[in-house]
Amino acid sequence: MESKDLCAVERRGRVHLITITGAGDHRLNPALLAAIRSAVAASDGAGALVLAAEGKYFSNGFDQAWVRTAPPHLHDTMDGGFRALVADLLALPVPTVAAVTGHAAAAGCALALAHDAVVMRGSRGFLYMSEVDAGIKIVDFFAELIREKVPDAAARRDLLLRGDKMTAAEAVRRGIVDAAVDGGVEDVVAAAVAEAERLAARGWDGEVVAEIRKAVWPKVWSKVKDHGAGPAAARPRL
């Protein structure tokens, strides 16, 4: 396993496995976003990609502590970095699977749903769009992502306007994630890798996969496409 900044990168068969490391809540700030983007960019030659995380959290959303301490002129780098990461995932020429190993809140929930498939830990963790509880307006492409990835209008209402915390079983029942997996973090990762291997075995043309993905989620793609497709931004100087 090779450690790169805040992520570990590993090849399991044809699968490029990225793991957000550490026991924290994996708040998305420019440094972590750049590390994930670099790890995604290193997937060349793989047949599929899996994103997972260590510890209790998959990701607890944007790093509001970073916002409070960073100079105002840098605040847009966090939103832009996340748009770029979503663009990278949508344009990636391989199938993608999120291994939601713990809580996925706000931007962390959006990050999970930006993948082609989502495998979630059954015994711990939830999906949670916290904006209504936190009194924060939802980011435009978050709303489009939820609209395009959550098939049921009542589920969208419950996520966005009621702030429901959805367990894996509930998310599977409502068609938001693909599978709930019993066991610990490694069991979820193993299930996600197995699903990614099945997709890689189909031998699809990667460029076709990417173009179909953009066409299936056109409104999300239109809001992020100008941010990705380039090198991951370096960590901004404070």
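In this text, all values refer to a predicted model and were calculated from it rather than measured experimentally.

Reading the values: rules and limits
Residues numbered from 1 in each chain as written. Predicted model: local features only at pLDDT ≥ 70, side-chain atom pairs only at ≥ 80, totals over all residues. Heavy atoms only, no water. Helix = DSSP H or I, 4+ residues; strand = E, 2+ residues; numbered from the N terminus. Buried < 20%, exposed > 50% of the residue type's maximum accessible area, 1.4 Å probe, protein only. Contact = heavy atoms within 4.5 Å. Pairing = 2+ DSSP bridges.

**Things to note about the environment of Val 67**
Secondary-structure assignment places Val 67 in helix H2 (residues 64–69). Residue Val 67 is classed as partly exposed on the basis of its relative accessible area of 22%. It is 38 Å that separates the C-alpha atoms of Val 67 and Arg 14, two residues lying 53 residues apart in sequence. In contact with Val 67, other than residues within four places in its own chain, are His 75 and Met 78.

**A few points about the pairing of strand S6 (residues 96–100)**
With five of its five residues buried, S6 lies for the most part within the structure. Residue alternation in S6 divides its side chains into two sets, Thr 96, Ala 98 and Val 100 and Val 97 and Ala 99, and both sets are buried. Where strand S4 (residues 48–53) meets S6, three bridges bridge the pair, whose relative direction is parallel. Residue pairing for S6: Val 50 is matched across the bridge by Val 97. Where S6 meets strand S8 (residues 117–121), four bridges bridge the pair, whose relative direction is parallel. Residue Val 100 lies in a different strand from S8, and its bridge partner there is Met 120.

**A closer look at the sheet that holds strand S9 (residues 127–128)**
What the four strands build is an open sheet, ordered S5-S7-S9-S10; its pairing is mixed. Two strands bound the open sheet, and with one partner strand each, they are strand S5 (57–59) and strand S10 (165–166). Alignment of strand S7 (residues 103–105) against S9, held across two bridges, turns out to be parallel. Residue pairing for S9: Ala 104 is matched across the bridge by Leu 127.

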